[in-house]
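Structural overview
Here are the chains, one letter per residue:
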Amino acid sequence: MNTDLCLFNEGSVTIPQGFVDRTINIIADAQAQQPSVNISRDKLPVGMALDDYINSQIGELQRSVQGWEGQIQAGWVLGDNVCTGIGLDHSFLRPDGVRICQKQAIFDVGNGMLLLFSSSKTSGFSAAEEACFQQVSASFTPRGA
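Residues numbered from 1 in each chain as written. Predicted model: local features only at pLDDT ≥ 70, side-chain atom pairs only at ≥ 80, totals over all residues. Heavy atoms only, no water.

If you roll a probe as big as a water molecule over the atoms, it shows you where there is empty space left. Its boundaries defined by the atoms lining it, the largest pocket holds a volume of some 990 Å³. Lining the largest pocket we find 25 residues, and of these L7, D21, N25, R41 and R143 sit closest to its centre. Mapped by element, the contributors of at least two residues to the lining of the largest pocket are β1 (5–8), β3 (25–27), β4 (37–43) and β8 (113–121). (1 Å grid on protein atoms, 1.4 Å probe; cavity = no way out; pocket = protein on both sides within 12 Å on 5 of 7 lines; lining within 4 Å. Points joined across faces, edges and corners; volume = space filled by probe spheres on them. Helix = DSSP H or I, 4+ residues; strand = E, 2+ residues; numbered from the N terminus.)

Time to look at the nonpolar core. By size, the foremost hydrophobic cluster in this structure holds 13 residues, and its most contacted members are L50, Y53, I54, I58, I106, L114 and L116. Taken together, the elements giving at least two residues each to this core come down to α1 (50–64), β6 (83–93), β7 (99–110) and β8. Ranked by residue count, the leading element in this core is α1, at four residues. Every residue in contact with I54, bar those within four places of it in the chain, is listed here: I72, I86 and I106. (Core = buried A, V, L, I, M, F, W, Y, C linked by side-chain atoms within 4.5 Å. Buried < 20%, exposed > 50% of the residue type's maximum accessible area, 1.4 Å probe, protein only. Contact = heavy atoms within 4.5 Å.)

Attention now moves to the packing of aromatic side chains. One pass over the structure, following the stated rule, counts two aromatic pairs. Between W76 and F133, the aromatic rings sit 5.7 Å apart at their centres with planes inclined by 75°, giving edge-to-face as the arrangement. Linking W76 in strand β5 (residues 66–78) with F133 in helix α2 (residues 127–138), this pair joins segments that are 57 residues apart in sequence. For the pair W76 and F133, a shared accessibility class is recorded, and that class is buried. Both rings, one in F107 and one in F117, keep their centres 5.9 Å apart while their planes meet at 85°; by these two values the pair is edge-to-face. Here the residue F107 occupies a position in strand β7, and F117 occupies one in strand β8, the gap between them amounting to ten residues. Over the aromatic face of F125 sits the side chain of K121, whose NZ or CZ is 5.9 Å from the ring centroid. (Phe/Tyr/Trp six-rings, centres within 6.5 Å; stacked < 30°, edge-to-face > 60°. Lys NZ or Arg CZ within 6 Å of the ring centre and 35° of its normal.)

Moving on, we get to the sheet that holds β3. Two strands in a sheet stick together by hydrogen bonds in their backbones, pointing the same way (parallel) or opposite ways (antiparallel). Ordered in space as β3-β4-β8-β7-β6-β5, the six strands form an open sheet in which the pairing is antiparallel. Edge positions in the sheet fall to β3 and β5, since each of these pairs with one other strand and no more. Here the average twist between neighbouring strands, direction ignored, is 20°. Pairing analysis gives ten bridges linking β5 to β6, with the strands arranged antiparallel. (Pairing = 2+ DSSP bridges. Axes fitted to C-alpha atoms, helices over the stretch in contact; angles between N-to-C directions.)

Written as structure tokens, this is what we have:
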């Protein structure tokens, strides 16, 4: 019997055999004054390192969206030194010409599983918004810890 659970604020559900947790959690400002922080999951393809994964994602973005600009920031720390990941600050143009700015922090949390934190808005991030984004990933505690 499969005992993997998908946990969320209201409770949990058992993940059926052969299924994986790909939930997306959205942490939103109740007054809608700061951009939300999204937490999602992915899996590294077999034999691919985190750097290779990020470079392939960047390549895909550069091919598929207009006006892509970005920079990589090494050394992002998840939780209380759970692991080190990579940050990505980038922007691109929507089809209507509006520039979208996005922050991401991507972590390999073991067994090829990735945890991705992201936030988007239509202007640059303020110092307070940057701090909020960093605080969310810094507050991470692994299940069972």
